[in-house]
Amino acid sequence: MYPSRFQYEAPTTVEAAIDLLHRGGGEAKVLAGGQSLIPMMKLRFASPELLVDINHIPGLDYHRVDPDGSIHIGALCRHVDLEQSTTLADAQPVLAAVAPLVADPIVRTRGTLVGSLCHADPQGDWASAMVALDGQVVAQGPQGRRSIPVADFVAGPFQNVLAHDEVAVEAVVPAPAGTPAGGYLKLERRIGDFATAGVAVALDLVNGSVSRAGVGLTGVGSSTIAATDAAQALVGAALSPDAINRAADLAAEAAQPRSDHRGSASYKRQVVRTFVVRILTNVLESDERAA
Amino acid sequence: MTSLFSEISPEPAADVPVRRITVTVNGQRRSADVEPRLLLAHLLRQAFRLTGTHTGCDTTNCGACTVLYDGQPVKSCTMLAVQADGHEVTTVEGLAGASELHPVQEGFRDEHGLQCGFCTPGMMLAAKALLDRNPDPTEDEVRWALSGNLCRCTGYQNIVKSVLWAADKMRGPDTGGGGDRHDEEQP
Ligand SMILES: Cc1cc2nc3c(=O)[nH]c(=O)nc-3n(C[C@H](O)[C@H](O)[C@H](O)COP(=O)(O)OP(=O)(O)OC[C@H]3O[C@@H](n4cnc5c(N)ncnc54)[C@H](O)[C@@H]3O)c2cc1C
Ligand code: FES
Ligand code: FES
């Protein structure tokens, strides 16, 4: 299997990449890690006329925590960089929990978080974590930069809201309003498989009370799901078994799974419920241990 | 140049420029004229005749096509040959020295890490990448590092033993290694 013919350009600045995309007039595509795009091109699900390979643009492979506590992840930061980062593990447990669960270790050496968000696969693990964290994508186009909440960035299955001449330059997680806690759980049949169901729960805790919460669901709908009612049920009080159960019920209600070869809809709903309980119980227990 | 897609088109398309790329493969600089859509696996197999890089699934799942790209394992069926321009690629043919096998290769021989051998090149390169980064991996770490590589024959047990054997050997006798760590307990 090989892709249909295309022109290939490897610009060395973001501006040049934007210019190429602009001239490509919608027939061009950005190539980042290629771990979704190249398989799609080989299957001829995608046949861009022009590939704009951004791998030659220096300075996009960073991830850093700014003094204000916000996390910035460049368009060429690979999954493996995030998986091995102690900075990230210290700053944001939810992202650190996702990194080792995306695809397999070899795919992770090439694939990028930003590319995964752009790909907007309903089964994508990063998108639900970013939704739970109120993350944003920073897009750069001919008119400059704009920030788009990930919840709005993902427009539907395999659809994002980028204009054809915009490059996603980084993903941002806003500074936590308290101590960040939470996690990500994913049920996969084997390593490298997409999620039967995945759940991201992100909390900010102030004096043991939840000041902010986010819940994102993977693979149980036609795109990433923000379970806002479940998140809302957690805010303003300390975690308790009652609150946890309520949030878990609301998350399971928000899921819109379909029965397929990975499991029945009701099974997937049950997995969502169980994962919410597990993540939150774990937070509650480690909080109690720390106290 | 002859098209590397001779089975579908005898001539490269006139409107798609062919690029001259230079890749350091197994320490040797090699050049080729490629169409942008040529995959790295095909460059290695067809242009450079390095057929130790296998293509199994062709869908980024099996890892049989794994090579090292600037020292990192990548699935070469999911990279473009043009992306290797100016980079270093190591294939299974580059593992052995002039007269000696690489310890990972010895490990696979001594611990029966292969049967049909189809997955073996990819397994070995993923293993080498692990050992370069982590010379003393646990069994779990070996299993984790190889989890992007599928084997249809051996059931992984001996593959994992082979890699642990290689780790011992590479750490040398001074560290209590030397290949005997996983033998029966010494009296
Ligand atoms: C075997 C296998 C298993 C996988 N398992 C999982 C899994 O379990 N979970 C999971 O979440 N993913 C999984 N994936 C998918 C994959 O890991 C991610 O979707 C991938 O890493 C995307 O990042 P990339 O950099 O490779 O993007 P690419 O493949 O390069 O690009 C993907 C899409 O995004 C666009 N794009 C990329 N970067 C930008 C940018 N900066 N600006 C604008 N557009 C851009 C491209 O044009 C393309 O349309 C798997 C993939 C494989 C091959
Ligand atoms: S042939 Fe490349 S992963 Fe299977
Ligand atoms: S030895 Fe046959 S596939 Fe692994």
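It should be noted that the structure appears before, not after, this text.
Residues numbered from 1 in each chain as written. Chains lettered and ligands numbered in written order. Predicted model: local features only at pLDDT ≥ 70, side-chain atom pairs only at ≥ 80, totals over all residues. Heavy atoms only, no water.

On to the overall build of chain A. Check the secondary structure of chain A and you find 12 helices and 14 strands. In terms of overall size, chain A behaves like a compact globule, its C-alpha atoms giving a radius of gyration of 19 Å where 291 residues would be expected to give roughly 19 Å. In terms of overall dimensions, chain A has C-alpha extents of about 55 × 45 × 30 Å along its principal axes. Buried positions account for 54% of the 291 residues belonging to chain A. Of the roughly 11800 Å² of accessible surface on chain A, a fraction of 50% belongs to carbon and sulfur atoms. (Helix = DSSP H or I, 4+ residues; strand = E, 2+ residues; numbered from the N terminus. Rg over C-alpha atoms; globule rule 2.2 N^0.38 Å. Buried < 20%, exposed > 50% of the residue type's maximum accessible area, 1.4 Å probe, protein only. Areas by Shrake-Rupley, 256 points an atom, 1.4 Å probe, with all protein chains shown as cover.)

What follows is about the environment of B:Gln46. As for its placement among the helices and strands, B:Gln46 is situated in helix H1 (residues 40-47). Linking B:Gln46 and B:Ile21, residues 25 residues apart in sequence, is a C-alpha distance of 15 Å.

A few words on the site of ligand 1. Residues and elements named next belong to chain A. Taken together, 34 residues sit near ligand 1, with Val-30, Ser-36, Thr-112, Asp-125 and Lys-186 positioned nearest. Gly-34 has a polar backbone atom sitting 2.7 Å from an oxygen atom of ligand 1. With respect to ligand 1, the side chain of Thr-112 contributes an N or O atom lying 2.7 Å from an oxygen atom. In the complex, 95% of the free accessible area of ligand 1, which totals 970 Å², lies under the protein chains. Broken down by element, the shell around ligand 1 gets its largest block of residues, 5 residues, from helix H7 (residues 113-119). (Near = heavy atom within 4 Å. Polar contact = N/O pair within 3.5 Å; in protein donor to acceptor, adjacent residues only side chain to side chain.)

A few words on the side chain of A:Arg212. All names here are of chain A. By secondary structure assignment, the location of Arg-212 is in strand S13 (residues 209-218). Relative accessible area serves as the criterion here: at 19%, Arg-212 is assigned to the buried category. Polar contacts involving the side chain of Arg-212 include one to the main-chain carbonyl oxygen of Ala-132, which spans 2.7 Å. Apart from residues no more than four positions distant in its own chain, Arg-212 is found in contact with Ala-132, Leu-133, Asp-134, Ala-202, Leu-203, Asp-204 and Val-235. (Contact = heavy atoms within 4.5 Å.)

Close approach of charged atoms allows side chains with opposite charge to pair. Residue and element names in this part refer to chain B. Taken as a whole and judged by the stated rule, the model has 24 salt bridges over all chains. Lys-128 is the salt-bridge partner of Asp-132, the closest N and O atoms lying 2.8 Å from each other. Within this pair, Asp-132 and its partner Lys-128 are both found in helix H3 (residues 120-133), separated by 4 residues, close to a single helical turn. For Lys-128, a relative accessible area of 19% translates into the label buried. Taken together, the shared-partner salt bridges connect Glu-106, Arg-109, Asp-110 and Lys-169 into one network. (Salt bridge = Lys/Arg side-chain N within 4 Å of Asp/Glu carboxyl O.)

All names here are of chain A. With respect to topology, 5 strands assemble into an open sheet ordered S4-S5-S10-S6-S7, the strand pairing being antiparallel. Each edge of the open sheet carries a strand with a single partner, namely strand S4 (63-65) and strand S7 (144-149). Taking the axes of each pair of neighbouring strands and ignoring which way they run, one obtains an average angle of 20° across the sheet. (Pairing = 2+ DSSP bridges. Axes fitted to C-alpha atoms, helices over the stretch in contact; angles between N-to-C directions.)

Residue and element names in this part refer to chain A. Pairing in this open sheet of 3 strands is parallel, and the strands run S1-S3-S2 from one edge to the other. Unpaired on one side and paired on the other, strand S1 (7-9) and strand S2 (28-31) mark the two borders of the sheet. Between one strand axis and the next, the sheet turns through 25° on average, direction left out of account.

Let us look at a nonpolar patch on the surface. Residues and elements named next belong to chain A. A cluster of nonpolar side chains, Met-1, Leu-43 and Phe-45, forms an exposed patch at the surface whose accessible area comes to about 320 Å². Mapped onto the elements of the fold, Phe-45 is located in the loop between helix H2 (37-42) and strand S3 (50-53). By relative accessible area, which is 64% here, Phe-45 ends up exposed. (Patch = residues over 30% accessible without salt bridge, like charges linked within 9 Å, V, L, I, M, F, W, Y side chains within 5 Å.)

Our next topic: the nonpolar core. Residues and elements named next belong to chain A. With 55 residues, the main nonpolar core has Leu-82, Leu-95, Leu-113, Leu-117, Trp-126 and Met-130 as its most contacted residues. Filtering out sequence-adjacent residues up to four positions away, Trp-126 remains in contact with His-79, Leu-82, Leu-95, Val-98, Ala-99, Val-102, Leu-113, Ser-116 and Leu-117. Val-210, Leu-217, Ala-227 and Ala-247 belong to the second-largest nonpolar core, a separate cluster that totals 32 residues. (Core = buried A, V, L, I, M, F, W, Y, C linked by side-chain atoms within 4.5 Å.)

Residue and element names in this part refer to chain A. What helix H1 (residues 14-24) keeps buried is the set Val-14, Ala-17, Ile-18, Leu-20, Leu-21 and Gly-24. Taken end-on, H1 shows its buried residues confined to a sector of 160°, consistent with a single buried face. Those residues of H1 that are exposed and angled more than 90 degrees off the buried face are Glu-15 and Arg-23. Next to the buried residues of H1 lie S1, S2, S3, strand S6 (136-141) and strand S10 (167-173). (Arc of directions from axis to C-beta.)

Another point: the packing of helix H2 (residues 103-110) of chain B against helix H5 (residues 157-171) of chain B. Residue and element names in this part refer to chain B. As a packed pair, H2 and H5 sit with axes 8 Å apart at the nearest point and diverge in direction by 135°. By the angle class used here, H2 and H5 are oblique. Seen from above, H2 lies across H5 with right-handed handedness. Between H2 and H5, the residues in contact are Pro-103, Val-104, Glu-106, Gly-107, Phe-108 and Asp-110 and Ile-159, Ser-162, Val-163, Trp-165, Ala-166, Lys-169 and Met-170, respectively. (Parallel < 35°, antiparallel > 145°, perpendicular 65-115°, else oblique. Left-handed = near helix turned anticlockwise from the far one by under 90°.)

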